Amino acid sequence: MRVVGTAGHVDHGKSTLIQALTGIDPDRLQEEKARGMTIDLGFAWLTLPSGQEVSIVDVPGHERFIHNMLAGVGGIDIALLMVAADEGVMPQTREHLDILDLLQIPAGLIVLTKSDLVDEEWLELVTVEIEEAVAGTVMAGAPIVPVSSVTGAGLPDLLALLDALLAQERSRPLTGRPRLPIDRVFTIAGFGTVVTGTLLDGELTLGQEVEIQPSGRKARIRGLQSHRRKVERATAGARVAVNLAGVATDELRRGEVIVAPGTMKPTRLIDVRLRVLEDAPRPLTHNMPLTFHTGAAETTAKASLLDRQQIEPGETAWAQLRLTDDVALAKGDLFIVRAPSPSATLGGGTVIEPHPRRHRRHQPAVLDRLAVLERGSPDEIVLEQLRLREPVDFQTLAGRTGLSTDETRAVVGSLVEAGGILALVANEAGSRLLPSTLLVSRPGWQRLAEAALGHLQAFHTATPLRRGMPKEELRMRLGLDGRAFGRVAARLLAEEAVREVGPLLAHPTHEVRLTPEMQTRVERLLGELRAAGATPPGRQELEARHGLSPDVLAVLIERGEVVEIAPDLVYPRDVLDEIVASVVAAIQQSGTITVAGLRDLIGASRKYALALLTHLDEKRITRRVGDDRVLF
């Protein structure tokens, strides 16, 4: 399915010509019919002599409704620039021409309407004027067809030219991620919420779950139509009406985008290549307020110029646009910027990075990176996007590159094989590139590993008697989510860059060592514990008495020199072994032992006896049966 869009000055016969070609009146609003001019977008369709079906988007020509015109020209294959033969090129003709040029419309025809109102000599003069006006634009060299919607003269020639132009396939970016900017929202009785738009990419299918961005609302496609015919699948390039379940019309607005869940997120900051028109009324200056148009979306913005103070008419420069509202954008999207007062189109350009960090101005490294993202090879673009934010999963990376999923997979696969990218995969994934496969560049991995070792070394320096850092603490210091940290930690362990100590991670060279002074204190502590036998003092009391930190006793527990049987109760290993042997012997002799029995056996209070038996139960030496313990 191909889409044709009209452009031109108000009252130059756009809607009348469409009705003559299709039999459909695109002026659907009562006010439009009363005023004899298109205010909002109109839609029609026709079958060309070749049998090819095309959609037609009719846009308003009046300067006051230029924002509606901008909502309609995105995604069209051919532009019909209308010029009334009796008036010639007018102000809105030139502005619409500028917009078509900025949006890089791939093909076009110039239609001289109302040709029945002028003679041949006048027609020739207007033709020359048009050729001069379109010189240097995307419409330069386009065929000029005189027509009359009243007499029908020239209409067969126009249809034949449309057929010839549409026979040339337009290359659309088939990334596999469907995107439909909404240009109309309405309700149909018995069906509910319906939206229309031109499907820019991918496919939409009946029953598919979708997401509305930037609101994030979820919905389901309960119906699809193209040219009022039900279809089960719509492909890129088609005009589509989508019946949505799960959302009301007052929850949707023009400019939002239907996407597959999780494939696009909104933004308020974008890096762009910005061109100012040669006939712009003034330069575009740093921090200048603008109105921003892309697809069917409109918001206000400010331009931070990254390599100069102002962009003169006819010049192109790097900029970072700060948008007032969230907008759903992808790399490569085209846009228009206009001065809000007095209203005029200043320029436009291409989105280079839809989710950048905020840049400082006049930074050569930033400008070089943007140049790579704009003109680099697929390999260079993938690596540059990866380096901007890594590690990142394959699905997110594919969405940032502007390449198709298949092309990104091929590039990443070759870079993984060559060692330029590391794939951090879950065990079950093997070597496959899944959407969730975590990717990091080789230099990025080196930085990540060095950061992890640096954090561990700093932790060991601050707490030399602790075996290692809790994994959650290291995750937070590295700024990774749980899934990413799990895969990073697994690779660090596989490379033996870190050691795992139970729930902790340690630098591979770290060893817990007690100073001679600490060792002397430890010997005194152990002597006191052995002398106390079955009734040792509490752990906190011992630490305070011998001037030792909790970390020192933790070292002794790790070494196995003492055993912690309760939060505040420790025994030397040899003392505990003697107690355990006596308990086992007592049970073997009498068959069971109680808390009171153990109390009497070791000459200790109930507190110690209960803690000891609980510990023996946990170690599966004894087993509780009622109030008795038996051997496990």
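Criteria and thresholds
Residues numbered from 1 in each chain as written. Predicted model: local features only at pLDDT ≥ 70, side-chain atom pairs only at ≥ 80, totals over all residues. Heavy atoms only, no water. Phe/Tyr/Trp six-rings, centres within 6.5 Å; stacked < 30°, edge-to-face > 60°. Lys NZ or Arg CZ within 6 Å of the ring centre and 35° of its normal. pLDDT = per-residue confidence, 0-100. Contact = heavy atoms within 4.5 Å. Pairing = 2+ DSSP bridges. Helix = DSSP H or I, 4+ residues; strand = E, 2+ residues; numbered from the N terminus. Axes fitted to C-alpha atoms, helices over the stretch in contact; angles between N-to-C directions. Parallel < 35°, antiparallel > 145°, perpendicular 65-115°, else oblique. Salt bridge = Lys/Arg side-chain N within 4 Å of Asp/Glu carboxyl O. Core = buried A, V, L, I, M, F, W, Y, C linked by side-chain atoms within 4.5 Å. Buried < 20%, exposed > 50% of the residue type's maximum accessible area, 1.4 Å probe, protein only. 1 Å grid on protein atoms, 1.4 Å probe; cavity = no way out; pocket = protein on both sides within 12 Å on 5 of 7 lines; lining within 4 Å. Points joined across faces, edges and corners; volume = space filled by probe spheres on them.

Peer 1: Any chance you could explain the packing of aromatic side chains here in plain terms?
Peer 2: What characterises a pair of aromatic rings is the spacing of the ring centres plus the angle enclosed by the ring planes. Taken as a whole and assessed by the stated rule, the structure comprises one aromatic pair. Stacked on the ring of Trp318, the Lys or Arg Arg273 has its end atom at 4.4 Å from the ring centre.

Peer 1: I tried to follow the confidence of the model for the protein on my own but got confused; where do I start?
Peer 2: Where the model shows low pLDDT, its predicted coordinates should not be examined in detail. For the protein, the average pLDDT comes to 87, and 93% of its residues sit at 70 or higher. Segment residues 28-40 is flagged for pLDDT under 50; beyond a separation of four residues in sequence, or across chains, it makes 32 contacts in the model. Segment residues 61-66: pLDDT under 50, and 25 contacts once partners within four positions in sequence are set aside and those in other chains are kept.

Peer 1: Just to check I follow, could you spell out the sheet that holds strand S27 (residues 438-441) for this structure?
Peer 2: Either a parallel or an antiparallel arrangement is found when strands of a sheet pair, and the pairing is made through backbone hydrogen bonds. Ordered by their spatial adjacency, three strands build an open sheet running S25-S27-S26, and the pairing between neighbours is antiparallel. Looking at which strands have only one partner, the edges of the open sheet turn out to be strand S25 (392-393) and strand S26 (421-424). Relative to S27, S25 is paired through two bridges, and the arrangement is antiparallel. By the bridge assignment for S27, Asp393 is matched with Leu438. Here helix H11 (residues 442-462) sits on the sheet in contact with S26 and S27, set at roughly 95° to S27.

Peer 1: How do you make sense of the packing of helix H17 (residues 573-590) against helix H19 (residues 606-618) when you look at a structure like this?
Peer 2: Relative placement of two packed helices is described by the angle separating their axes and the distance separating the axes. Taken N-terminus to C-terminus, the directions of H17 and H19 make an angle of 80°; their axes are 12 Å apart at the nearest point. Classified by the interaxial angle, the pair formed by H17 and H19 is roughly perpendicular. Between H17 and H19, the residues in contact are Leu576, Ile579, Val580 and Val583 and Leu612, His615 and Leu616, respectively.

Peer 1: Is there a simple way to think about the pattern of salt bridges in this case?
Peer 2: Two side chains of opposite charge can pair, provided their charged atoms sit close to one another. Counting across every chain of the model gives 33 salt bridges. Its salt-bridge partner being Arg475, residue Glu472 comes within 2.7 Å of it at the nearest N-O pair. Of the two residues, Glu472 and Arg475 are both situated in helix H12 (residues 471-478); the distance of three residues between them amounts to about one turn of the helix. Between Arg491 and Glu495 there is a salt bridge, with its nearest N and O atoms 3.1 Å apart.

Peer 1: Any chance you could explain the nonpolar core here in plain terms?
Peer 2: Within soluble globular proteins, side chains that are nonpolar generally end up buried alongside one another. Formed by 53 residues in total, the largest nonpolar core has its most connected members in Ile130, Leu274, Leu284, Phe292, Leu321, Phe335 and Val337. In contact with Phe292, other than residues within four places in its own chain, are Ile270, Ala297, Glu298, Thr299, Ala301, Leu321, Leu323, Leu329, Phe335, Ile336 and Val337.

Peer 1: Sorry, what's going on with the layout of surface pockets here?
Peer 2: To find leftover empty space, a probe the size of one water molecule is rolled over the atoms. A volume near 810 Å³ is recorded for the second largest pocket. What lines the second largest pocket is a set of 31 residues, among which Phe186, Thr196, Gln225, Arg228 and Ala241 lie closest to the centre. Of all the secondary-structure elements, those providing two or more residues to the lining of the second largest pocket are strand S2 (42-47), strand S3 (53-58), strand S8 (184-188), strand S9 (192-198), strand S12 (217-226) and strand S15 (239-245).

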